[in-house]
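# Report on the structure
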Amino acid sequence: MSQPKIVVLGAGYAGLKTVKQLQKKNVNAEIILVNKNDYHYESTQLHEVAAGTEPAGKITFKVEDVLDKNKVTFIEDTVTLVKKDEKKVVLAKKGEISYDYLVIALGFESETFGIPGVNEFSKPLVDIKTAESCRAYLDNNLANYAKSKDEADLSIAVCGAGFTSIEYLGEITNRIPKLAEKLNFPKDKIKITCIEAMPTLLPMFSEKLGTYGIDILKKRGVNFIVGTPIKEIKENTVVYEQDGELKELTANTVIWTTGVRGSAVVGKSGFDERRGRVVVQDDLTVADYPEIFMIGDVSAVMDKESNRPFPTTAQIALQQGIYVGNALAAKLSNQSIDAFTYKPLGTVASIGNNVGLGNVMGKEVKGYIGSIMKKNIINKSLVTTGGTKTLLKKGRFDYYH
Ligand code: FAD
Ligand code: NAD
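Residues numbered from 1 in each chain as written. Chains lettered and ligands numbered in written order. Predicted model: local features only at pLDDT ≥ 70, side-chain atom pairs only at ≥ 80, totals over all residues. Heavy atoms only, no water.

Basically, it comes down to this: UniProt positions are given in the numbering used here, feature names are shortened, and annotations may be inferred rather than shown by experiment.
Per an unreviewed UniProt entry, the chain goes by FAD-dependent oxidoreductase and derives from Vagococcus carniphilus. In its Sequence similarities (unreviewed entry) section, UniProt records this for the chain: "Belongs to the NADH dehydrogenase family." What UniProt states about the chain under its Cofactor (unreviewed entry) heading is, verbatim, "FAD".

Below is the structure:
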């Protein structure tokens with residue numbers, strides 16, 4: 001009898017971890033991993049590449065370097081559609097491939113909420129290409145000031161104040177003094193504005209901890225405008241609503257970090273989704289399709305206590321990957337497996353290289369200790385996805401900067 005065929009789509013946290021778990025379990029199946037690039041990237045560090053504080057090479061590694069080629073076939077291609085009723089996946093270059101079991105782990109895209117001008121006049125931050133584009137955009141505008149003397153070249157707008165925006169602000173405020181020397185612009189003329197729709201900043205933390213983080217950014221020159229939803233992006237202009245009135249902010253650098261949605265492939269393939277995410281069953285499969293697992297940012301796992309989905313994070317994506325590797329191994333040997341349960345370990349956000357803040361195992365951490373925690377989390381994630389060699393090459397051991 002031929003072996004069952006498992007196809008995993010996406011080599012991010014969720015997909016790569018699934019494949020590594022299948023390798024570890026030594027399942028008797030043909031395993032295929034499809035990813036649009038030949039590299040994996042640690043999405044949790046994209047803000048560093050976007051700000052220019054780390055090169056892309058620091059947060060990427062070749063997918064094939066961490067696969068056991070005797071057990072897994074890697075296909076570098078873009079998934080365009082899942083034909084769920086025919087058990088086939090359509091790839092941009094290689095055409096159709098069939099599966100017996102499918103793991104969809106295609107990750108996130110930028111959420112525009114249909115706001116006019118976002119795609120044309122601002123830059124998203126969702127993968128290596130967009131992160132590098134953010135970096136070039138900021139550097140070019142700052143460099144241009146020497147010729148233009150146009151203050152809009154020194155004006156940076158960050159849209160939204162979620163964790164991605166806060167971590168990006170932490171990095172650019174660290175880098176700007178060095179850039180000012182290199183690119184010859186007056187650093188006191190830099191204007192950084194962060195515009196947030198909700199009235200409270202960092203609401204997931206205690207008021208004291210949130211204020212601690214925001215005050216650091218304010219001291220580094222960031223101006224926060226809150227309770228002010230962005231309504232439109234025009235060329236070099238952010239339009240937001242304040243007290244019922246539309247106001248405009250001029251900035252030549254506009255970074256769009258107002259949240260994410262799951263891959264568009266999910267909707268195109270006819271799954272019952274909201275913002276590219278499917279509410280999955282207790283075993284992470286899709287209702288009526290017991291052979292399809294949906295994990296990572298394309299999935300919504302309900303938190304039974306709050307009756308809301310858990311936030312989409314690398315942390316839950318990795319736990320889902322391990323679970324699905326185990327679940328597939330169990331299915332193939334006709335064993336049952338308990339429902340998936342998420343064990344949140346906490347959250348730490350960085351504000352540049354030397355400050356972190358968050359909650360770890362129920363305790364608040366902040367400052368330099370917080371940054372050490374953050375580096376440990378980055379290293380743990382890297383060893384999980386990339387193994388010890390990758391950790392030694394690309395891990396964070398600069399604790400004493
Ligand atoms: P991804 O990591 O996005 O991986 C998806 C993979 O699929 C990628 O390799 C992509 O190239 C590939 N792919 C996409 N589309 C296609 C296609 N059509 N065909 C083929 N391949 C495709 N979470 C935390 O827990 N902690 C943090 O500190 C944290 N920090 C973050 C910082 C930033 C700046 C951002 C943006 C997010 C952060 N997150 C963090 C959230 C976290 O990055 C995501 O939840 C996580 O990446 C989701 O993992 P995933 O495997 O579902 O998707
Ligand atoms: P998010 O959804 O968490 O934050 C987006 C922010 O933009 C929100 O505060 C929202 O109110 C605001 N916003 C939305 N529309 C707006 C508008 N029109 N005008 C102004 N503001 C608007 O998104 P994110 O920060 O990209 O994070 C995505 C996911 O990744 C989350 O689950 C987050 O927890 C996770 N993440 C975690 C970390 C960490 O743990 N250190 C870091 C980054 C991201």
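From this point, the discussion proceeds with the structure in view.
## Let's talk about the site of ligand 1
Rules: The near set for a molecule or strand comprises every residue that places at least one heavy atom within 4 Å of it. In the analysis that follows, any N or O atom pair within 3.5 Å is treated as a polar contact, provided that within protein one partner can donate a hydrogen and the other can accept it, and provided that, for residues neighboring in sequence, both atoms belong to side chains. Using a 1.4 Å probe, accessible areas were evaluated by the Shrake-Rupley method; residue-level cover was limited to the displayed protein chains. Strands are runs of DSSP state E lasting at least 2 residues, helices are runs of H or I lasting at least 4, and numbering of each runs from the N terminus. All residues other than Ala, Val, Leu, Ile, Met, Phe, Trp, Tyr, Cys, Pro, Asp, Glu, Lys and Arg, Gly among them, are scored as polar; the first ten of these are nonpolar and the last four charged. In this entry, domain limits derive from an automatic or database-based domain assignment.
Around ligand 1, a shell composed of 29 residues is seen, among which Ala-14, Ser-43, Val-79, Asp-297 and Lys-374 lie nearest. Take Asp-297: an N or O atom from its side chain is 2.8 Å from an oxygen atom of ligand 1. Between ligand 1 and Thr-313, the relevant distance is 3.4 Å, taken from an oxygen atom to a main-chain nitrogen or oxygen of the residue. Protein contacts shield 90% of the accessible area of ligand 1, which totals 990 Å² for the unbound molecule. Those elements giving two or more residues to the shell around ligand 1 turn out to be helix H1 (13-25), helix H5 (163-183) and helix H8 (314-332). When residues in the shell around ligand 1 are grouped by element, the largest group, three residues, is from H8. Looking at the shell around ligand 1 residue by residue, the classes come out as ten nonpolar, 14 polar and five charged. For the shell around ligand 1, the domains that each give at least three residues are domain 1 (5-36 + 77-110 + 261-344) and domain 2 (112-258 + 346-401).

## Let's talk about the site of ligand 2
Around ligand 2, a shell composed of 23 residues is seen, among which Thr-164, Glu-196, Ile-230, Thr-312 and Val-348 lie nearest. At a separation of 3.0 Å, a nitrogen atom of ligand 2 approaches a polar backbone atom of Val-348. Here a nitrogen atom of ligand 2 sits 3.3 Å away from a polar atom, N or O, in the side chain of Lys-374. Protein contact buries 75% of the 850 Å² of open area that ligand 2 shows by itself.

## Brief notes about the sheet that holds strand S26 (residues 346-350)
For clarity, the cut-off: Any two strands are treated as partners once DSSP identifies two or more bridges connecting them. Every axis corresponds to a line fitted to the C-alpha atoms, with the helix fit spanning only the stretch in contact, and the corresponding angles, defined between N-to-C directions, vary from 0 to 180 degrees.
Reading across the sheet, the three strands line up as S26-S27-S28 and stay open at both edges, with antiparallel pairing between neighbours. Bordering the open sheet on either side are S26 and strand S28 (363-366), each of which pairs with just one other strand. Here the strands of the sheet are splayed against their neighbours by 5° on average, with no regard to which way each runs.

## Section: the UniProt feature "domain: FAD/NAD(P)-binding" (unreviewed entry) in the chain
Here the UniProt-annotated "domain: FAD/NAD(P)-binding" (unreviewed entry) positions come out as residues 5-321. Taken end to end, residues 5-321 is 29% helix and 32% strand, and its first and last C-alpha atoms sit 17 Å apart.

## Comments concerning the packing of aromatic side chains
What counts, and what does not: Planes of paired rings set the category: under 30 degrees apart is stacked, over 60 is edge-to-face and the rest tilted, where pairs are Phe, Tyr or Trp rings (Trp by its six-membered ring) whose centres lie within 6.5 Å. Only when the NZ of Lys or the CZ of Arg is both within 6 Å of the ring centre and within 35 degrees of the ring normal is a charge said to sit over the ring.
According to the stated counting rule, one finds five aromatic pairs in the structure shown. When the centroid spacing of 4.9 Å and the interplanar angle of 75° are considered together, the rings of Phe-310 and Tyr-342 count as edge-to-face. Of this pair, Phe-310 sits in the loop between strand S25 (308-309) and H8 while Tyr-342 sits in the loop between H8 and S26, and the two are 32 residues apart along the sequence. Against the face of Phe-271 rests Lys-84, its NZ or CZ located 5.3 Å from the ring centre. The ring centre of Tyr-212 lies 4.8 Å from the NZ or CZ of Lys-366, which sits over that ring.

## A word on the packing of H1 against H8
Rule in force here: Handedness of a crossing is defined here by the sense of rotation of the near helix relative to the far one, left-handed for an anticlockwise turn of less than a right angle and right-handed for a clockwise turn. Residues count as neighbours in contact if any of their non-hydrogen atoms are within 4.5 Å of one another.
Where H1 meets H8, the axes come as close as 7 Å, and the angle between the chain directions of the two elements is 35°. Handedness of the H1/H8 crossing: right-handed. Residue-level inspection shows Tyr-13, Ala-14, Lys-17, Thr-18, Gln-21, Leu-22 and Lys-25 of H1 in contact with H8, the latter providing Ala-314, Ala-317, Leu-318, Gly-321, Ile-322, Val-324, Gly-325, Asn-326, Leu-328 and Ala-329. A breakdown of the residues in the contact of H1 with H8 according to their chemical character gives ten nonpolar, five polar and two charged.

## Regarding the pairing of strand S14 (residues 222-226)
Condition: By definition, the crossover connecting two strands over a helix is right-handed if that path, from the first strand to the second, turns clockwise as seen with the strands pointing away from the viewer.
Looking at chain direction, strand S13 (residues 191-196) and S14 are connected through five bridges and run parallel. What sits directly across from Ile-195, in S14, is Ile-225. Between S13 and its parallel partner S14, the chain crosses via helix H6 (residues 207-219), and the hand of that crossover is right-handed.

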